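# Examining the three-dimensional arrangement
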Amino acid sequence: TANVMIILLVASSRYIRFPMYFFLSHLSCSDLILTTTIVPELLHVIGREGSTIPFYGCFAQFYFFCLSGMSECLLLAVMSYDRYLAICNPLRYSSIMDMKLCVYLVIPPWTFGILLASPHIILLNQLSFCDSNIIHHFFCDLVPLLNLSCSDTSINHIVLMVMSLPFLFLPFIFITITYINITIAILRISTTTGRRKAFSTCSSHLTVVCLYYGTLIINYLVPSNKEYLGLQNLVSVLFTIVTPLLNPISYGLRNEQIRGALI
């Protein structure tokens, strides 16, 4: 509901038609895909203390989860570039970050998310699942699915590692570099009020980045052994449910322009 509210506000209100809010609406759309993909089935699992899901329904759930994850990583990198321009090059920000560039910047995250989630599905479809059919997770994530296969999954793991570099770690490195430059630019501001104002313009985005990447990286660093199953499920809850809930709160309730448009 909160993410839908932000999408509708950005689309309908003339008071928040700025690049940052345009990118925010796409981030909310990505979060909306994630929650509508994961949460209904999760509630079904909790309500019945277990549930069944069709074979291709499981693949479809993983596809949209993968699409949302890839697009969100790249959208967060795009938003960090927007904040970098706003703080480090404020005089030219309006001329550089026009609506045409904004559209060009959001096309790659969605395109890569749609296209590059497919290889995982193609490879999964070629595996044989002749062992247990019980997924020890609350949604169809890649590693729990690979653990059920009795085929050789080395190619799947290689593809996962290869795709994690450009769509997880490189955006994270890019965001880190932009925030190092942003911090340097803020420290050069002579007045305390000016530094506080400059930092407030990127604090919401920085909070979202820390929440999303922190939980995502921890989740995939946790070993997939059975003794770590509870911890992995807990961290998965954080980045699939808690983070999409906190994103609109971080941007909405803490942002005067969003609150003003809502009123």
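- By the naming in an unreviewed UniProt entry, the protein is Olfactory receptor, taken from Pelobates cultripes.
- In the Sequence similarities (unreviewed entry) part of its UniProt record, the protein is described as follows: "Belongs to the G-protein coupled receptor 1 family."
- In its Subcellular location (unreviewed entry) section, the UniProt record describing the protein reads: "Cell membrane".

## Digging into the packing of aromatic side chains
- The final tally for this structure, using the stated rule, is 13 aromatic pairs.
- Centre to centre, the rings of Tyr-56 and Phe-59 are 6.1 Å apart; their planes meet at 90°, and the pair counts as edge-to-face. Pair noted here: Tyr-56 and Phe-59 are both in helix 3 (residues 55-88), with a separation of three residues, about one helical turn.
- Its relative accessible area of 4% is what places Phe-59 among the buried residues.
- Here the aromatic rings of Tyr-63 and Phe-64 are separated by 5.4 Å at their centres, their planes lie at 85°, and the arrangement is edge-to-face.
- Each member of the aromatic cluster is reached from another via a ring pair, and the members are Phe-62, Phe-65, Phe-138, Phe-139 and Phe-239.

## Some words on the environment of Val-209
- Here Val-209 is to be found in helix 9 (residues 192-221).
- With relative accessibility at 5%, the residue Val-209 sits in the buried group.
- Spatially, the C-alpha atoms of Val-209 and Ile-114 are 22 Å apart, while their sequence positions differ by 95 residues.

## A look at the UniProt feature "transmembrane region" (unreviewed entry) in the protein
- As annotated by UniProt and renumbered to match this structure, "transmembrane region" (unreviewed entry) occupies residues 21-40, 60-81, 101-123, 158-187, 199-222 and 234-253.
- Counted over residues 21-40, helix gives 100% and strand 0%. Its end C-alpha atoms are 28 Å apart.
- Secondary structure across residues 60-81 divides into 100% helix and 0% strand, with the first and last C-alpha atoms of the span separated by 32 Å.

Cut-offs applied
- Residues numbered from 1 in each chain as written.
- Predicted model: local features only at pLDDT ≥ 70, side-chain atom pairs only at ≥ 80, totals over all residues.
- Heavy atoms only, no water.
- UniProt positions renumbered as here; feature names shortened; annotations may be inferred.
- Phe/Tyr/Trp six-rings, centres within 6.5 Å; stacked < 30°, edge-to-face > 60°.
- Helix = DSSP H or I, 4+ residues; strand = E, 2+ residues; numbered from the N terminus.
- Buried < 20%, exposed > 50% of the residue type's maximum accessible area, 1.4 Å probe, protein only.

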